[in-house]
Structures are given as structure tokens and as C-alpha cells.
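A closer look at the structure
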Amino acid sequence: MKKTLRKWTLPLLSLAASGVATMSYADDFPLAINAAPLSCLLVPSSEVELSSEVQGVIKDIRVQRGDYVKKGQVVMTLRSALETAALNTVKARLEFATRKVERNTDLFMKQLISENEQDEMLTELRLAAYQLKEARVRLGLRETRSPISGVVVERIKDPGEFVDETPFLRVVSLNPIHAEVVLPAELYGSVKKGESVSFVTLGSTQQHKGKIIIIDPIIDAASNTFAITISLDNKAGTLSAGLRCQADFGQ
């Protein structure tokens, strides 16, 4: 399972060049940042590439690109005939061990069987119970569940294909959604975590409120900029990753 947000941050340098670098800033940093909206980019709050914990052939992938998935939802199953058979075998062994102990309880109470024989039967029962747990775990590994609630953006493999540690599905979380903003190094220290920000997507007049959750502690020497991340509520699903936007620090 691999998490990455790199592909969504690639356009930020161009945003910095076209939107941020063309602005003039005064010596008063807070006043300068309030002067005009800054270009930003909407990105998923998290992105997960799903892979299987065990190798096998895909039996079923239950989602398509664009489908919404909930955290914990089964999205893929592997063929599991051997694991199912092993589970049924262990169940039968446990049932037999249980009946054996029950049948011999009275004999032990009457001292017609030794303590050693009773101990062997109880040990067989416990071992069968442990083996049943192990068999269930092995069978459970044939299913892959989504670790986040989000939207499927890419289905890499199909039923019948072999899967291992390589990804077969990519899921992104769009609630909350993040806005990435690139600021010039001169403004470092003029924004704080938790600060409220208004922003509007380009081509729309609808404003959304967000809060700064990340301030990049390292200034990029090549571009002389640093990035911040704004978290925005997107329960309504009206915001989409990949949209360019404008962030207004003056409201």
C-alpha cells in the first residue's frame, strides 16, 4: 500500500511563475499578502495505491473508476479455493476435538482415563482452535479493503490477472480537499497554522473557507518559494482535485 501526492503538486511551480511571481510585495509582509488573491491548486487530501498483502489471481474487483468507496469496504478478492478448503478442514478437526473432550469428560471424572490422556485431548482442542484462527486470517488476506473513504481514480488490473505488491487500484480522498499555495520566500513567517483563508475557484464566484494546516519548513532555493496547504470542507462534493483556484488571505 503506497501513499503519494506528488503528481498533484507538479503544476505548482508554473502557478508560482504565472500567479505569484508577477505580484509586487511591500516591505510589510502581512499587508502584502492581503493585497491580492494568490494562485493555488486543489489536490486530494490523501491518495492511496492499493496492493495485495499476498500474491494471487484476482477473482473480482468490485469497483470501477469514479466509484465512491468507504473506509473498510472490500474492493478486491483473490481466488481462494485452497484457503477455503483448509478452513473447512480445520473446522472439522475442531468439531471432532470438541466432541472427543465432551465424550470423555465423564470418564475422566470417574477416573477411567488418566490425566495425561485428558491433557492430550484438551491440547488437541486448543491447537485446533488456534489453527482455525490462522486459517481465517489466511482466508481474510485474500480480500483487500480500502483504508480510506474516497473516489477510485484508476483501476490498474482486472479479474484473472496476477497481483502481488504492485498496485491494482488508486483511491483519493476529496473530503476534506486541500489547496496548495506557493508563496515567495519573502513572505515566510507572515502566515500561521490555523489561520482562516477564503478562496474561490477560477471561473466561479462561490467562496469557500479553509484553514492553513501545513507550512513547508523548507524554502525551495531554485524558485525562492515555499508552499502551504489549506484544508477545505468538501462534504457537498462541489470541489474537484486539479482545479486551479485563488486564495484570499485578506478575509
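Computed from a prediction, not measured in an experiment: that's the story for all the values here.

Moving on, we come to the packing of helix H4 (residues 81-109) against helix H5 (residues 115-140). It is at 8 Å that the axes of H4 and H5 come closest, and there the two elements cross at 155°. Between H4 and H5, the angle is such that the two are roughly antiparallel. Once H4 is placed against H5, the crossing between them reads as left-handed. Partitioning the contact of H4 with H5 into residue classes produces 14 nonpolar, five polar and eight charged.

This part covers the sheet that holds strand E5 (residues 74-78). Strand order in the open sheet formed by four strands is E6-E5-E3-E8, with antiparallel pairing between adjacent strands. The two strands at the open ends of the sheet, each matched to only one other strand, are strand E6 (143-145) and strand E8 (162-163). Note: strand E3 (residues 56-61) against E8, two bridges, orientation antiparallel. The partner of Val57 across the bridge, within E8, is Phe162.

Let's shift gears to H5. Over its 26 residues, H5 runs 38 Å from end to end, which matches the ideal 38 Å to within 8%, given 1.5 Å per residue. Residues of H5 that are buried include every one of Gln118, Met121, Ala128, Leu132 and Ala135, and no others. Next to the buried residues of H5 lie H4.

Let's shift gears to the pattern of salt bridges. With the rule as written, the count across this model stands at eight salt bridges. The shortest N-O distance in the salt bridge between Glu47 and Arg170 comes to 2.6 Å. Here Glu47 is found in strand E2 (residues 38-50), whereas its partner Arg170 is found in strand E9 (residues 169-184), with 123 residues between them in sequence. Residue Glu47 is classed as buried on the basis of its relative accessible area of 3%. In this structure, Arg145 and Glu143 form a salt bridge, with 3.5 Å as the shortest nitrogen-oxygen distance. Through salt bridges with shared partners, a single ionic network connects Glu47, Glu154 and Arg170.

Inspection of every chain in the model, using the stated rule, returns one disulfide. In this model Cys40 forms its disulfide with Cys245; the gap between the sulfur atoms is 2.0 Å. Of this pair, Cys40 sits in strand E2 while Cys245 is found in strand E13 (residues 244-248), placing the two residues 205 residues apart along the sequence. In this structure, Cys40 and Cys245 share a single accessibility class: buried.

With that settled, consider H4. Between its first and last C-alpha, H4 extends 43 Å over 29 residues, near the 42 Å set by a 1.5 Å rise per residue. Its axis deflected by about 30° at Arg103, H4 carries its strongest bend there. Considered for burial, the residues of H4 that qualify are Leu87, Val90, Leu94, Ala97, Val101 and Asn104. In this fold, the buried residues of H4 make contact with H5. Among the residues trailing H4, Gln111 stands out with phi positive, at a value near 60°.

So, about the pairing of strand E10 (residues 196-201). Along E10, five of the six residues are buried, which leaves the element largely enclosed by surrounding structure. Of the pairings in the sheet, the one linking E10 to strand E11 (residues 207-215) comprises five bridges and is antiparallel in character. Considered in E11, the bridge of Val197 is made with Gly210.

Moving on, we come to the environment of Glu195. Assignment of secondary structure puts Glu195 in the loop between E9 and E10. For the pair Glu195 and Phe249, spaced 54 residues apart in sequence, the C-alpha to C-alpha distance is 8.8 Å. When near neighbours in sequence (up to four residues on either side) are disregarded, Glu195 contacts Ser190, Gly210, Lys211, Ile212 and Phe249.

The next subject is the confidence of the model for the protein. Looking at the protein as a whole, its pLDDT mean stands at 84, while 83% of the residues score no less than 70. Below pLDDT 50 for its whole length, residues 9-32 participates in 33 contacts with residues either more than four positions away or in separate chains.

Rules used throughout
Residues numbered from 1 in each chain as written. Predicted model: local features only at pLDDT ≥ 70, side-chain atom pairs only at ≥ 80, totals over all residues. Heavy atoms only, no water. Axes fitted to C-alpha atoms, helices over the stretch in contact; angles between N-to-C directions. Helix = DSSP H or I, 4+ residues; strand = E, 2+ residues; numbered from the N terminus. Parallel < 35°, antiparallel > 145°, perpendicular 65-115°, else oblique. Left-handed = near helix turned anticlockwise from the far one by under 90°. Nonpolar A, V, L, I, M, F, W, Y, C, P; charged D, E, K, R; others polar. Pairing = 2+ DSSP bridges. Expected span 1.5 Å × (residues − 1). Buried < 20%, exposed > 50% of the residue type's maximum accessible area, 1.4 Å probe, protein only. Contact = heavy atoms within 4.5 Å. Salt bridge = Lys/Arg side-chain N within 4 Å of Asp/Glu carboxyl O. Disulfide = S-S within 2.5 Å. Bend = angle between axes of the 7 residues up to and from the residue. pLDDT = per-residue confidence, 0-100.

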